[in-house]
Amino acid sequence: MKYKLVYTGLIFLIYIFGKNIPLCGVDMSAYTVETAGAGEILMQMISGDTYRCSIFALGIFPFMISNILVQLAYAIRNLFSKARVSPKAMGYATAFVTLAIAILQAVVQIPKLKFAVPAEMLAMTKVVAGIEMVTGVMVILWMAGRNGRYGIGGRMVFALVNILERLLIIFLEYHVRVLLLPLMIGVVMMVVMIVMENAEMRIPVQRVSIHNIYADKNYMAIKLNPVGAMPLMFTSAVFMLPQLLIALLAYFFPQNAWVVWWQENVVLTNPFGIAVYVACEYLITIGFSMIMISPKDISEQFLKSGDSIVNIHAGQDTRRYLRRTVLVISFFSATVMGVCVAVPLILQAEFNVDGGPAMLPVTIMLLVSFLCNIFRELFSIYKYDSCRALF
């Protein structure tokens, strides 16, 4: 455990250090501290850079969205083919898609930066800055893989750094009186998240290999929050993708009426954009729950082992029962998280509430969810370390 904690701490320091190294030629004096809106705060949790002008400016967005696309592609492939894809092949595919998305995002982001170089050097400086951005993404991807193997928390550590930084900024920027009500709401959300992260539905299972007093105590557990709070992070990444494409279209067709309309409405300060965001959150939560739990794979495993769910026939009946159960649980989870994130967005869009206090409860909710997962991982490692060899 100590080795893993030290390794993750080193990843923490490298990521924080990289976020404070500006891109080549960027004029940092041109950037001033501005109050971020609720949408910007959500995006900063995955980009991690307030001004998006450091070597880690693109943050974890490219490999988050590539992870979604690759998993979706292979999930569709598995519907028509029984051949399994190796983790190595999926890793290569994820890296390739991450690189493509990073290049696309860098092309969109570079024109928005402010440089302090002579005019004759501006073009070359932008190219160098773009290369630095893309390289930063690949370094983060490499560190995420290393941390997943030798550290604790996997990719969550980068989101955790961004969340902790956002909390620090909120507490430094606003007075305690302003944050009192959001903190109270945040405590309620924290309790709700702890319950959802630790509560589970237990489905009784008959195991043919168990013939003792524990035969009636076997069950399959499905967590009330099947995929945790990660769908909120993935939703922010998915929501950034159409914004990125629209920004690219606006660069080439600045006068097109359709492009201008989408650019003005697909934002989190507009009711239409909020509705799109919540819809994406529902789809991602339900979709990821189906992929992670996989009723098809579980029903096939039951058929091979001879096990079964109590009072449910093996095969198609088991698959339909599990699919219906996962759908209900994931829909409930998506509804709870959707309400928690939609309320502050609506408050800012309709009632001009500052983004920092409005998003404080959601930030606390995400932090608690990540900490619960990390605590379970640490507890498992502690139990493993406490085992002693017999000889």
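Cut-off values and rules
- Residues numbered from 1 in each chain as written.
- Predicted model: local features only at pLDDT ≥ 70, side-chain atom pairs only at ≥ 80, totals over all residues.
- Heavy atoms only, no water.
- Helix = DSSP H or I, 4+ residues; strand = E, 2+ residues; numbered from the N terminus.
- Buried < 20%, exposed > 50% of the residue type's maximum accessible area, 1.4 Å probe, protein only.
- Contact = heavy atoms within 4.5 Å.
- Areas by Shrake-Rupley, 256 points an atom, 1.4 Å probe, with all protein chains shown as cover.
- Core = buried A, V, L, I, M, F, W, Y, C linked by side-chain atoms within 4.5 Å.
- Salt bridge = Lys/Arg side-chain N within 4 Å of Asp/Glu carboxyl O.
- Pairing = 2+ DSSP bridges.
- Axes fitted to C-alpha atoms, helices over the stretch in contact; angles between N-to-C directions.
- Left-handed = near helix turned anticlockwise from the far one by under 90°.
- Nonpolar A, V, L, I, M, F, W, Y, C, P; charged D, E, K, R; others polar.
- Polar contact = N/O pair within 3.5 Å; in protein donor to acceptor, adjacent residues only side chain to side chain.
- Phe/Tyr/Trp six-rings, centres within 6.5 Å; stacked < 30°, edge-to-face > 60°.

A.B. asks: Please explain the overall build of the protein as it appears in this structure.
C.D. replies: Helices and strands together make up the secondary structure of the protein, namely 13 helices and three strands. Counting only residues that meet the buried cut, the protein has 44% of its 391 residues in that class. Look at the contacts in the protein between residues 6 or more apart in sequence, and 78% of them connect residues 24 or more apart. Total accessible area on the protein is roughly 20,900 Å²; 69% of this is exposed by carbon and sulfur atoms.

A.B. asks: Looking at this model, I keep getting lost on the nonpolar core. Mind explaining?
C.D. replies: Nonpolar side chains in soluble globular proteins generally cluster together in the buried interior. Counting 82 residues, the largest nonpolar core has Leu-113, Met-133, Ile-140 and Phe-158 as its most contacted members. Counting ten residues, the second largest nonpolar core, distinct from the first, contains Val-205, Met-220, Ile-222 and Ile-309.

A.B. asks: Explanation requested: the pattern of salt bridges in the structure shown.
C.D. replies: Side-chain pairs of opposite charge can arise where the charged atoms are in close proximity. Across all of its chains, the model carries five salt bridges by this definition. One salt bridge in this structure joins Glu-197 and Lys-223, with 3.0 Å as the shortest N-O distance. Here Lys-223 lies in strand β2 (residues 219–223) and Glu-197 lies in helix α7 (residues 176–198), a separation of 26 residues in the sequence. What makes Lys-223 partly exposed here is its relative accessible area of 22%. Across the pair Asp-317 and Arg-320 runs a salt bridge whose closest N-O atoms are separated by 2.6 Å. Of the two residues, Asp-317 and Arg-320 are both situated in helix α12 (residues 316–351); the distance of three residues between them amounts to about one turn of the helix. Residue class for Arg-320 comes out partly exposed when judged on its relative accessible area of 41%. Among the charged side chains, a network of salt bridges with common partners joins Glu-197, Lys-223 and Arg-376.

A.B. asks: Sorry if this is basic, but what is going on with the sheet that holds strand β1 (residues 200–206) here?
C.D. replies: Note: strands within a sheet are paired through backbone hydrogen bonds, in either parallel or antiparallel orientation. Pairing within the open sheet is antiparallel, and its three strands lie in the order β2-β1-β3. Strand pairing shows two members of the sheet lacking a second neighbour, β2 and β3 (308–309), which therefore form its edges.

A.B. asks: How do you make sense of the packing of helix α8 (residues 230–252) against helix α9 (residues 257–265) when you look at a structure like this?
C.D. replies: Packing of α8 against α9 brings their axes to within 10 Å, and their N-to-C directions diverge by 140°. Remark: the crossing between α8 and α9 carries left-handed chirality. Where α8 approaches α9, its residues Ile-246, Ala-247, Leu-249 and Ala-250 are matched on the opposing element by Val-259, Trp-262 and Gln-263. In terms of residue class, the contact of α8 with α9 is made up of six nonpolar, one polar and no charged.

A.B. asks: Looking at this model, I keep getting lost on the packing of helix α4 (residues 87–109) against helix α5 (residues 122–150). Mind explaining?
C.D. replies: Geometry of a packed helix pair, given as the angle between the helix axes and the separation of the axes. Relative orientation of the contacting elements α4 and α5 amounts to 145°, with a least axis distance of 9 Å. Between α4 and α5 lies a crossing of right-handed hand. Mapping the contact onto sequence places Ala-95, Thr-98, Leu-99, Ala-102, Ile-103, Ala-106 and Gln-109 in α4 and Gly-130, Met-133, Val-134, Val-137, Met-138 and Leu-141 in α5. Taken together, the residues of the contact of α4 with α5 break down into ten nonpolar, three polar and no charged.

A.B. asks: Honestly, the side chain of Ser-54 in this entry has me stumped. Any pointers?
C.D. replies: With respect to the secondary-structure elements, Ser-54 resides in the loop between α2 (38–47) and α3 (61–80). Of note is the side chain of Ser-54, whose polar atom sits 3.5 Å from the backbone oxygen of Lys-19.

A.B. asks: Is there a simple way to think about the packing of aromatic side chains in this case?
C.D. replies: Geometrically, a pair of aromatic rings is defined through the distance of the ring centres and the angle of the planes. Across all of its chains, the model carries nine aromatic pairs by this definition. Residues Tyr-7 and Tyr-150 carry aromatic rings whose centres are separated by 5.7 Å and whose planes lie at 50° to one another, so their mutual orientation is tilted. Linking Tyr-7 in helix α1 (residues 2–19) with Tyr-150 in helix α5, this pair joins segments that are 143 residues apart in sequence. Through a chain of ring-to-ring contacts, three or more aromatic side chains come together here, namely Tyr-3, Tyr-7 and Tyr-150.

A.B. asks: Whenever I open this one, the environment of Ile-11 confuses me. Can you help?
C.D. replies: Tracing the chain through its elements places Ile-11 in helix α1. Under the relative-accessibility criterion, Ile-11 is labelled buried at 4%. Sequence separation of Ile-11 and Ile-140 is 129 residues, and the distance between their C-alpha atoms is 9.4 Å. Beyond its immediate stretch of four places on either side in the chain, Ile-11 contacts Met-143, Asn-147, Val-157 and Phe-158.

A.B. asks: Is there a simple way to explain the side chain of Thr-235 in this structure?
C.D. replies: Looking at where Thr-235 falls in the secondary structure, it is placed in helix α8. Accessibility expressed as a relative area gives 0% for Thr-235, which makes it buried. Residues within four places of Thr-235 in sequence aside, it is in contact with Tyr-277, Cys-280, Glu-281 and Ile-284.

A.B. asks: Is there a simple way to think about the environment of Asn-225 in this case?
C.D. replies: For Asn-225, the position within the fold is in the loop between β2 and α8. For the pair Asn-225 and Ser-333, spaced 108 residues apart in sequence, the C-alpha separation works out to 5.5 Å. Sequence-distant contacts of Asn-225, that is, excluding residues within four places in its chain, are made with Met-193, Met-196, Glu-197, Ser-333 and Met-337. Within the local environment of Asn-225, its side chain forms a polar contact with the side chain of Glu-197, the two groups lying 3.2 Å apart.

A.B. asks: How do you make sense of the pairing of β2 when you look at a structure like this?
C.D. replies: Two faces, one strand: in a regular strand the side chains alternate between the faces of the sheet. Covered by surrounding structure in β2 are Met-220 and Ile-222 only, the residues Tyr-219, Ala-221 and Lys-223 on the alternate face being uncovered. As defined by bridge partners, β1 adjoins β2 across five bridges and the pair is classed as antiparallel. By the bridge assignment for β2, Glu-200 is matched with Lys-223.

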